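As a plain string of letters, each chain reads:
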Amino acid sequence: MTQMMRVATAVDAHAFSTQPHRKLFLACLEWPDEQGLEGHSDADVIAHAAADALLIASGIGELGTVFGVDRPEWAGASGSALLGESVRLVHQEGWEINNISVQLLGQKPRFAPRKAEAEAAMSGVVGAPVSVAASTTDHLGFIGRKEGLAAIATALLIRN
């Protein structure tokens, strides 16, 4: 039996919102007392990057074409909803998810204390292992100036 694999990498970035009461969502979790990100949905850069990598690897498309601003039914959607629907679409195309790895880039919030919780939440939605790590940019660029966050995700899909 031959096994077919596909891998894709995706990036998502969002600016911190100027709206004082916008909530921050990262890795399918709410981060209380942190400034939220601006976006069409909840702007969960970790979930969005993971969903985008899945869609690209499967050949379905990209996050912006599948859930774009021209799709009002996805306005305000949670990262977990977008990720869950991406998982459903990937499975519908005959792919299984082997794993996803995501790197968050940001000066804040401090990610390490919630790392295990974030990985459990993401893995629960995906139904496969999801690892999440975080790094700073040593104060370089928009991320270093604390103007926003970015995430880079890689997904590995398998079809038997």
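These figures come from a predicted structure and were not determined experimentally.

Participant: Requested: an account of the pattern of salt bridges, with residues and values cited.
Facilitator: By the definition in use, this model includes 6 salt bridges. Of the charged contacts in the structure, one is a salt bridge between Glu85 and Arg88, with a shortest N-O distance of 2.7 Å. Remark: Arg88 and Glu85 occur in helix α3 (residues 79–92); sequence separation between them is 3 residues, near one turn of the helix. The residue Arg114 makes a salt bridge to Glu117 at a minimum N-O spacing of 2.9 Å. Exposure remark for Glu117: the relative accessible area of 40% places this residue in the partly exposed category.

Participant: I'd like a description of the packing of aromatic side chains, backed by residues and values.
Facilitator: For the structure on display, the rule yields 2 aromatic pairs. Pairing Phe67 with Trp74 gives two aromatic rings, centres 4.7 Å apart and planes at 80°, and the pair type is edge-to-face. Take Phe67 and Trp74: they sit in the same class, and that class is buried. Over the aromatic face of Phe16 sits the side chain of Lys108, whose NZ or CZ is 4.9 Å from the ring centroid. Over the ring of Trp95 we find Arg159, and its NZ or CZ is 4.0 Å from the ring centre.

Participant: Could you give an account of the UniProt feature "binding site: a divalent metal cation" (unreviewed entry) in the protein chain, naming the residues involved and the relevant values?
Facilitator: Sequence positions flagged by UniProt for "binding site: a divalent metal cation" (unreviewed entry) are, in local numbering, Asp12, His14 and His48. Judged by maximum C-alpha separation, these annotated positions cover 37 residues in sequence but sit close together in space, the widest gap being only 10.3 Å. Relative to the helices and strands, Asp12 is located in strand β1 (residues 4–15). Those residues in contact with Asp12 that lie beyond four places of it in its chain are Asp44, Val45, His48, Ala49, Leu149, Ala150 and Ala151.

Participant: Pulling in residues and values, what's your account of the UniProt feature "site: Transition state stabilizer" (unreviewed entry) in the protein chain?
Facilitator: When the UniProt feature table is mapped onto this chain, "site: Transition state stabilizer" (unreviewed entry) is found at His40 and Thr136. With the annotated positions falling across 97 residues, the maximum pairwise C-alpha distance of 25.0 Å shows that they are not confined to a single cluster. Mapped onto the secondary structure, His40 falls in the loop between β3 (29–35) and α1 (45–58). Residues in contact with His40, not counting those within four places in the same chain, are Phe67, Gly68, Val69, Arg71, Trp74, Ala75 and Gly76. Not counting chain neighbours up to four residues away, the residues in contact with Thr136 comprise Gly106 and Gln107.

Participant: How would you summarise the sheet that holds strand β5 (residues 130–135) if you had to cite specific residues and measurements?
Facilitator: An order of β1-β6-β4-β5 is seen for the 4 strands of this open sheet, with the pairing classed as mixed. Taken across any chain shown, the strands that pair with only one partner, and hence form the sheet edges, are β1 and β5. Pairwise comparison of adjacent strand axes, ignoring direction, gives a mean angle of 15° for this sheet. Across 6 bridges, the pairing between strand β4 (residues 96–105) and β5 is parallel. Along β5, the bridge assignment pairs Ser101 with Ser131. Here helix α4 (residues 115–126) sits on the sheet and contacts β4 and β5; the angle it forms with β5, its principal contact strand, is near 140°.

Participant: Before we move on, could you go through the nonpolar core and cite the residues and values that matter?
Facilitator: Counting residues in each nonpolar core, the largest one holds 47 residues, and the members touching the most others are Leu26, Ile46, Leu54, Ile97, Ile100 and Val102. Take this core: its biggest share by element is 10 residues, from α1. Residues within four places of Ile97 in sequence aside, it is in contact with Leu54, Val87, Val90, His91, Val126, Ala128, Leu156 and Leu157.

Rules used throughout
- Residues numbered from 1 in each chain as written.
- Predicted model: local features only at pLDDT ≥ 70, side-chain atom pairs only at ≥ 80, totals over all residues.
- Heavy atoms only, no water.
- Salt bridge = Lys/Arg side-chain N within 4 Å of Asp/Glu carboxyl O.
- Helix = DSSP H or I, 4+ residues; strand = E, 2+ residues; numbered from the N terminus.
- Buried < 20%, exposed > 50% of the residue type's maximum accessible area, 1.4 Å probe, protein only.
- Phe/Tyr/Trp six-rings, centres within 6.5 Å; stacked < 30°, edge-to-face > 60°.
- Lys NZ or Arg CZ within 6 Å of the ring centre and 35° of its normal.
- UniProt positions renumbered as here; feature names shortened; annotations may be inferred.
- Contact = heavy atoms within 4.5 Å.
- Pairing = 2+ DSSP bridges.
- Axes fitted to C-alpha atoms, helices over the stretch in contact; angles between N-to-C directions.
- Core = buried A, V, L, I, M, F, W, Y, C linked by side-chain atoms within 4.5 Å.

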